[in-house]
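Observations on the three-dimensional arrangement
Read off the chains here:
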2 protein chains.
Amino acid sequence: MTYQSPQEFSAATVACKANLYFDGQVVSHSLTLVNGEKKTLGVVFPGLYRFETNAAEKMEIIAGQCKVKVADQDGWIGFEAGTWFDVPAKSYFEIEVMDGSVEYVCSYIA
Amino acid sequence: MTYQSPQEFSAATVACKANLYFDGQVVSHSLTLVNGEKKTLGVVFPGLYRFETNAAEKMEIIAGQCKVKVADQDGWIGFEAGTWFDVPAKSYFEIEVMDGSVEYVCSYIA
């Protein structure tokens with residue numbers, strides 16, 4: 001079965017207050033599913049950003065294009081809508097958006 | 001009972017794809033509650049924007065400060081976190097954010 005980006009989540013508890021990073025260049029809303037899974041739905045505007053991780057994360061790109069470098073991987077890898085990458089726990093990743101915006105679903109792996 | 005801004009919504013269906021307006025200066029995520037009520041959770045960055053309405057809307061400001069003029073009201077009125085305004089159906093409102101960002105919960109009145 002080919003991979004499909006998530007379209008929606010049902011039976012979720014959604015926090016009204018957004019998460020704003022880098023002066024609003026990255027915006028997300030947090031939600032918790034019935035099974036306790038935590039996710040954020042986010043938008044990244046042009047720029048280069050570094051995010052630290054506590055739990056491991058699965059980042060699914062659902063719109064736009066970006067380049068990503070996970071921790072001390074050698075090179076930058078391009079991602080677009082319909083692709084995803086994993087980031088280990090207690091690590092970090094860098095993401096660069098050249099133009100427009102990128103949207104993602106981030107799943108926190110317990 | 002004094003008015004309290006909404007903090008979270010439970011048992012909601014949340015669309016992953018964000019709504020982006022004015023080149024990303026206004027970002028929102030849409031959700032539908034179990035009773036069919038439709039809402040958006042939004043962030044407004046500095047600027048002056050006009051939004052048309054189909055259904056009537058209740059706009060609850062949950063963070064930041066802004067000025068608002070609803071349709072052909074005479075003056076601009078200041079709103080901050082913990083306040084709200086109504087917009088009639090088939091109408092419009094203008095919202096201005098001077099600095100930082102403003103966050104809102106928009107409820108569409110069926």
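Look up: the structure comes first, before these words.
All values derive from a computational prediction rather than experimental measurement. (Residues numbered from 1 in each chain as written. Chains lettered and ligands numbered in written order. Predicted model: local features only at pLDDT ≥ 70, side-chain atom pairs only at ≥ 80, totals over all residues. Heavy atoms only, no water.)

1. So, the interface of chain A and chain B
- Taken together, the contact pairs 26 residues of chain A with 26 residues of chain B.
- For the pair chain A and chain B, the summed buried surface comes to about 2,000 Å²; carbon and sulfur atoms form 67% of the total.
- Linking chain A with chain B are two salt bridges, by the criterion used here.
- Notably, a salt bridge pairs Glu103(A) with Lys17(B), separated by 2.4 Å at the nearest N-O pair.
- The tally of links between chain A and chain B comes to 12 residue pairs in polar contact (both at pLDDT 80 or more). (Contact = heavy atoms within 4.5 Å. Buried area = accessible area lost by both parts, 1.4 Å probe. Salt bridge = Lys/Arg side-chain N within 4 Å of Asp/Glu carboxyl O. Polar contact = N/O pair within 3.5 Å; in protein donor to acceptor, adjacent residues only side chain to side chain.)

2. A word on the pairing of strand β6 (residues 56-63) of chain B
All names here are of chain B.
- With six of eight residues buried, β6 is to be regarded as a mostly interior element.
- The pairing of β6 with strand β9 (residues 83-87) spans five bridges and is antiparallel. Within β9, the residue paired with Glu 57 across the bridge is Val 87. (Buried < 20%, exposed > 50% of the residue type's maximum accessible area, 1.4 Å probe, protein only. Helix = DSSP H or I, 4+ residues; strand = E, 2+ residues; numbered from the N terminus. Pairing = 2+ DSSP bridges.)

3. Considering the packing of aromatic side chains
- Under the defined criterion, the tally for this structure stands at 14 aromatic pairs over all chains.
- Considering the side-chain rings of Phe22(B) and Phe51(B), the 5.5 Å spacing of their centres and the 90 degrees angle between planes classify their relative orientation as edge-to-face. Here the residue Phe22(B) occupies a position in the loop between β2 (19-21) and β3 (26-32), and Phe51(B) occupies one in strand β5 (residues 47-52), the gap between them amounting to 29 residues.
- Overall, Phe22(B) belongs to the partly exposed group, its relative accessible area being 39%.
- A residue is classified by how much of its surface remains accessible, and Phe51(B), at 17% relative accessible area, is buried.
- Among the aromatic side chains, those forming a connected cluster through ring pairs are Tyr21(A), Phe22(A), Tyr49(A), Phe51(A), Phe79(A), Phe85(A) and Phe93(A). (Phe/Tyr/Trp six-rings, centres within 6.5 Å; stacked < 30°, edge-to-face > 60°.)

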